[in-house]
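Below are the chains, spelled out letter by letter.
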Amino acid sequence: MTRAPHLVFLGWNRPPLAAAAEWLHEHAGEDMGGLLVALPGARAGRRLREILARRIGARWRPPRILTAGALVDELLAVEGRPAGRTVRTLAWVRALQELPGAERERIAARAPEEGDLAGWTRIAEEVRALFGEVAAEGLDFARVAERVARSAIAGETARWRALARAQTRMAELLAAHGLVDPHLGRLAALAAGRVDGTARVVLAGVVDMNGLLRRTLELVGERATALVPAPAAEAAEFDALGCLRPAAWAERDVPLELERWRVAERPGDQAEEAMRLLATWNGRFAAEEITLGVADPELVPYLRQRLAAAGVTARDAAGLPLERTRPVRLLAAVQAFLAGRRFADYAALLRHPDLEAALAARPALARIAPAELLDAYQAEHLPAVVDGRWRGAPEPRAGLAALHAAVEEDLGELARGERRALPGWADAVRGFLLAVYDSAAPLDPAREDDRVLGAALAEIASALEELAETPPGLAPPAPAAGALDVLLRTLRGRAVPPPVPRPGEPAIELLGWLELVLDDARALVVTGFQDGRVPEAVPGDAFLPDSLRRELGLVDDERRLARDVYALHVLRHAREEVAFVSARRDRAGDPLRPSRLAFHRPPAEIAARVRRWLSPKDARLARPPAVDAPGAAERARRPPAVVPDLPRFWVTWFRTYLESPYLFYLRHVLELETLDDRAREMDPLGFGNLAHEVLRAFGASEWRDSDDPAPIAAFLREEARRRAALRFGRDPLPAVELQIEQLVHRFGLFASRQAARVREGWRIAHCEWTPEGGGRPLPVAGGEVLLVGRVDRLDRHDDGRWAILDYKTGETVKDPAKSHRKEERWIDLQLPLYAWLAREVVGDATPFLGFAALGKDPRNVDFLLAKDWDETVIEEAVAEARRIVETVRAGGPFAIADARPREPILAALLGQGLLERDEDGTESEA
């Protein structure tokens, strides 16, 4: 009978790796060449190697150090050539597609279309990962189906049997190409007992194993030794392989004193609290003797920033996820664009800095700013797709066409819209990457950006090789977007290793929660100590609910909790200093829960911990005031002391000044505006401009004096659709199409009111009228300024009276008097100043002033005139305009007042949308 592995308890009053290195040196000497040493993670293995090398020196013959997951492959003799992840995914795609429809529906209720490779790949990846998880416990889908049939969820048996049939077909497809699924290969080797009978194995800190490793070690028996970071007095809490007994550990209290648990408010506050904790250690530890645990990856940028401000480099041991590197982001942008050729995706692609630089290097495009050009085009035309047909004025249209031709040239074969087998796309992707990166300066590995770029390109090259070697029978024809989707999925989960710290450069390592147990730093701060992170929360699994996980021996909630309770014991005992930081809210402001481990304490202590969590005063951070002198805030927001040289003033500018002189300065002196491509429908200004174009055409048409609403409505509707087609094309965005129909509906309502107005004796005299010379001089102190404006419409009655009208297309339209004055204070001067400008047309008579409203329903479609306005009102408005002009030309002041601009850039400059801490600790909008 095979004897069980040896168990050695290392204690937990010092770092586990140091204790493991001492044991290995003591029992194996300097020659460890015949040992296999397995640890939970690759970083722990690298660190153990460093400790042993320093301890033993040049005479040392190292062991084979590997992860516990790789140990199975080292010990089992797997027959056949293992298939890579991408090939296995494609084999699962074929196997799932070949299932009868009813069985497919048991796995995926809505199967993708036959040619939707991306859709099928998503499902196949889920099934492949599911199979990997159950196979790690020594099971396949058929055996799971048998277990399910005998369980409380027997109704799921048919689903698992369908999965088992797909598994059989997947294996057949791989075998036809001389390949084997590595999971099935391991199961077969284990069943046949093909285990290395000579290997000597040492497991260091492996206290949680999957079933496959357990069964393999049982065959290895006494040739294996498990080094357990725990005192011998805890032996009853571990099984024969040195693994945790979940039921025992899940119920234990943790050694976490209240003073070692801090509570902050948000992610930035957590980083501040971590820095404060480091400061309390008064320089007792060098940077390399400190580790920052990061249970929540959201905190990494905050910690980086705070450490950098202190002159310390943050070294994220997890490395940079490949998805965040520039070349992979570029391929993702290309994939998104090719999938539907949407304009938004095209604009995002051209914003990629590497593609932008490659395009700018072309002499023909040197003077083109792609982002600015595309933003302007999008704001004007709101295109849905990129089809090579560009609208608008000749100059921007030529620039857009040249830019599009260059992009298509760089994309090369990827842009042709054809379908081909996956291996055939590898060279096309390489060609595109060469077009973008080959002309750049040579990479300098000493520069961090270049190091990351080179590593990312190397990973992509490796993935392209895997794609190119895909067996033809498993490579379905796909468009370029589908092939890129498969490539990007192949790259998922990979990372660029962190840089090696420069000599003498202080660096603190950032480690994930699961790596902390075997970290040997003397001091530790664990951030992100939240429920859902410690212990980890696993979303509900449609295939493997927690009850079935427990039935099959898979990792379940109890095992995760036991693992983390044990980890906290090791962390607390093996370090000189350790502290934990939780936060009440995440980056978005949503509430968080503290880790339940903070409450794994005797009942008498729970109330104090609840108070710690609930009391904001306990976690309030000392924040320096934004300004430290009276009036500093106002000075910080005051524009430069430059006297604006504005020879002309538009009538519409005065409303901005009356709202906020500072906003006036930003808009009309500095001429700042928001220009981006986020709009997916006409904004109020764009909607109004389109309406004005149509109404101007109506004012010059033969129907302008008609008293019959039918031809008026017909003209307005036809003109609206014609002009919309010129601007947005025949296939506009859905929201734009709806807005066009809304405008057409409003014109139908307006036609009736316009016809009635003609019957009342009014006629359109002028549309889009401007004064002779463009404006009228307004005398002001020190000279004069040209007051300019464009009047939407001047009507004249048969009896000689005049009316000045401004078209309004808002949802609702206020009474003209209320929209110009509020509590005896001017808030707009537009209509009275129009009357002052129009003296050359209307003479000395006081015209009616009002709005031609085109609201969304009949109640908001009418001609609204200001009541009781006389010449005095016009004179008061002119006097107010003169005062404003003189103040502006004198250089201000430009107070912020009550500005609430819609433009994001102007809002940001005013501090709107930013949060600042009030004196009582609450957060409010600045």
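This one's a predicted model, so the numbers in the text were calculated from it and none came from an experiment.

Along the polypeptide, alanine 248 turns up in helix α11 (residues 246-250). Residue alanine 248 is classed as partly exposed on the basis of its relative accessible area, which comes to 26%. Here the alpha-carbon distance between alanine 248 and arginine 324, two residues 76 residues apart in the chain, equals 41 Å.

Mean pLDDT over the protein chain works out to 89, with 93% of the residues at or above the 70 mark. Considering each helix and strand of the protein chain separately, the mean pLDDT is smallest for strand β29 (residues 923-925), with a value of 34, and largest for strand β16 (residues 523-527), with 97. Low confidence marks residues 618-637, where pLDDT is under 50. Its contacts with residues over four positions away, or in another chain, come to 25 contacts.

By the criterion of burial, strand β7 (residues 224-228) is predominantly enclosed, with five of the five residues buried. What you see with β7 is no split at all: Ala224, Ala226 and Val228 on one side and Thr225 and Leu227 on the other are buried throughout. Examined bridge by bridge, strand β6 (residues 200-204) and β7 share four bridges and lie parallel to one another. Bridge pairing in β7 places valine 201 opposite alanine 224. Each parallel crossover has a hand, and for β6 linked through helix α10 (residues 211-220) to β7 it is right-handed.

Next up on the list: the sheet that holds strand β18 (residues 648-650). As summarised here, the arrangement of the three strands in space is β18-β21-β20, forming an open sheet in which the pairing is mixed. Of all the strands in the sheet, the pair left with one neighbour each is β18 and β20 (775-780). The average undirected angle you get between the axes of adjacent strands in this sheet is 35°. The pairing of β20 with strand β21 (residues 783-788) spans six bridges and is antiparallel. The partner of leucine 778 across the bridge, within β21, is valine 785.

One finds Leu71, Phe141, Trp160 and Val201 to be the most contacted residues of the largest nonpolar core, which totals 121 residues. The element best represented in this core is helix α6 (residues 117-135), accounting for nine residues. Leu24, Trp249, Ala562 and Leu568 belong to the second largest nonpolar core, which has 59 residues in total.

Once that is clear, we can look at the packing of aromatic side chains. For the coordinates displayed, the defined rule picks out 28 aromatic pairs. Seen in terms of ring centroids, phenylalanine 238 and tryptophan 249 are 5.7 Å apart; in terms of plane orientation they differ by 65°. Their pairing is edge-to-face. Of this pair, phenylalanine 238 sits in the loop between β7 and α11 while tryptophan 249 sits in helix α11, placing them 11 residues apart in sequence. As far as burial versus exposure is concerned, phenylalanine 238 and tryptophan 249 are alike and both buried. Ring plane angle 50° and centroid distance 6.3 Å describe the contact between phenylalanine 698 and phenylalanine 715, whose orientation is recorded as tilted.

This part is about the packing of helix α30 (residues 709-728) against helix α31 (residues 734-759). Remark: α30 packs on α31, axes separated minimally by 8 Å, with the N-to-C direction vectors making an angle of 155°. When the interaxial angle is binned, α30 and α31 end up roughly antiparallel. The element α30 and its partner α31 pack so that their crossing is right-handed. Taking contact as the criterion, the partners of Pro709, Ile712, Ala713, Leu716, Arg717, Ala720, Arg721, Ala724 and Phe728 in α30 are, on α31, Val736, Ile740, Glu741, Val744, Phe747, Gly748, Phe750, Ala751, Ser752, Gln754 and Ala755. Split into classes, the residues belonging to the contact of α30 with α31 amount to 14 nonpolar, three polar and three charged.

In the segment running from valine 534 into proline 535, the intervening peptide bond is cis, with an omega of -5°. Residue placement: proline 535 occurs in the loop between β16 and α22 (546-552). Here glutamate 768, not a glycine, exhibits a phi torsion of approximately 50°, which is positive. Here glutamate 768 lies in strand β19 (residues 762-769). For glutamate 768, a relative accessible area of 18% gives the class buried. The backbone of aspartate 868 sits at a positive phi, close to 65°, despite the residue not being glycine. When its relative accessible area of 77% is taken as the criterion, aspartate 868 is described as exposed.

Before going further, it helps to spend a moment on the sheet that holds strand β3 (residues 64-67). In space, the five strands of this open sheet follow the order β1-β7-β6-β2-β3, with parallel pairing throughout. For this open sheet the edge positions go to β1 (6-9) and β3, each flanked by a neighbour on one side alone. Across the sheet, the mean angle separating the axes of adjacent strands is 20° when strand polarity is ignored. The pairing of strand β2 (residues 35-39) with β6 spans four bridges and is classified as parallel. If you follow leucine 36 over to β6, its bridge partner there is valine 201. Helix α1 (residues 16-28) contacts β1, β2, β6 and β7 of the sheet and is inclined by roughly 170° relative to β2. Sheet strands in contact with helix α3 (residues 68-75) are β2, β3 and β6, and its direction is about 120° off that of β3.

What follows covers the environment of glutamate 273. Positionally, glutamate 273 belongs in helix α12 (residues 267-280). When its relative accessible area of 6% is taken as the criterion, glutamate 273 is described as buried. For the pair glutamate 273 and leucine 96, spaced 177 residues apart in sequence, the C-alpha separation works out to 51 Å.

The contact between helix α29 (residues 684-699) and α30 brings their axes to 9 Å, and the two run at 130°. In terms of axis orientation, α29 runs oblique to α30. The two elements α29 and α30 cross, and the hand of that crossing is right-handed. Every residue of α30 that contacts α29 at Gly686, Leu690, Glu693, Val694, Leu695, Ala697 and Phe698 is listed here: Ile712, Phe715, Leu716, Glu719, Ala720, Arg723, Ala724, Arg727 and Phe728. Taken together, the residues that form the contact of α29 with α30 break down as 11 nonpolar, one polar and four charged.

Counted according to the given criterion, the structure contains 78 salt bridges. Between glutamate 98 and arginine 94 there is a salt bridge whose closest N-O contact spans 3.1 Å. Using a relative accessible area of 40% as the deciding quantity, one classes glutamate 98 as partly exposed. A salt bridge links aspartate 427 to arginine 430; the shortest N-O distance between them is 2.6 Å. Remark: arginine 430 and aspartate 427 occur in helix α19 (residues 426-437); sequence separation between them is three residues, near one turn of the helix.

Moving on: α6. Across its 19 residues, α6 extends 26 Å between first and last C-alpha, which sits within 8% of the 27 Å expected from 1.5 Å per residue. For α6, the tally of buried residues reaches 15 of 19 residues, placing the bulk of the element in the interior.

Calculation criteria
- Residues numbered from 1 in each chain as written.
- Predicted model: local features only at pLDDT ≥ 70, side-chain atom pairs only at ≥ 80, totals over all residues.
- Heavy atoms only, no water.
- Helix = DSSP H or I, 4+ residues; strand = E, 2+ residues; numbered from the N terminus.
- Buried < 20%, exposed > 50% of the residue type's maximum accessible area, 1.4 Å probe, protein only.
- pLDDT = per-residue confidence, 0-100.
- Contact = heavy atoms within 4.5 Å.
- Pairing = 2+ DSSP bridges.
- Right-handed = clockwise from strand over helix to strand, strands pointing away.
- Axes fitted to C-alpha atoms, helices over the stretch in contact; angles between N-to-C directions.
- Core = buried A, V, L, I, M, F, W, Y, C linked by side-chain atoms within 4.5 Å.
- Phe/Tyr/Trp six-rings, centres within 6.5 Å; stacked < 30°, edge-to-face > 60°.
- Parallel < 35°, antiparallel > 145°, perpendicular 65-115°, else oblique.
- Left-handed = near helix turned anticlockwise from the far one by under 90°.
- Nonpolar A, V, L, I, M, F, W, Y, C, P; charged D, E, K, R; others polar.
- Salt bridge = Lys/Arg side-chain N within 4 Å of Asp/Glu carboxyl O.
- Expected span 1.5 Å × (residues − 1).

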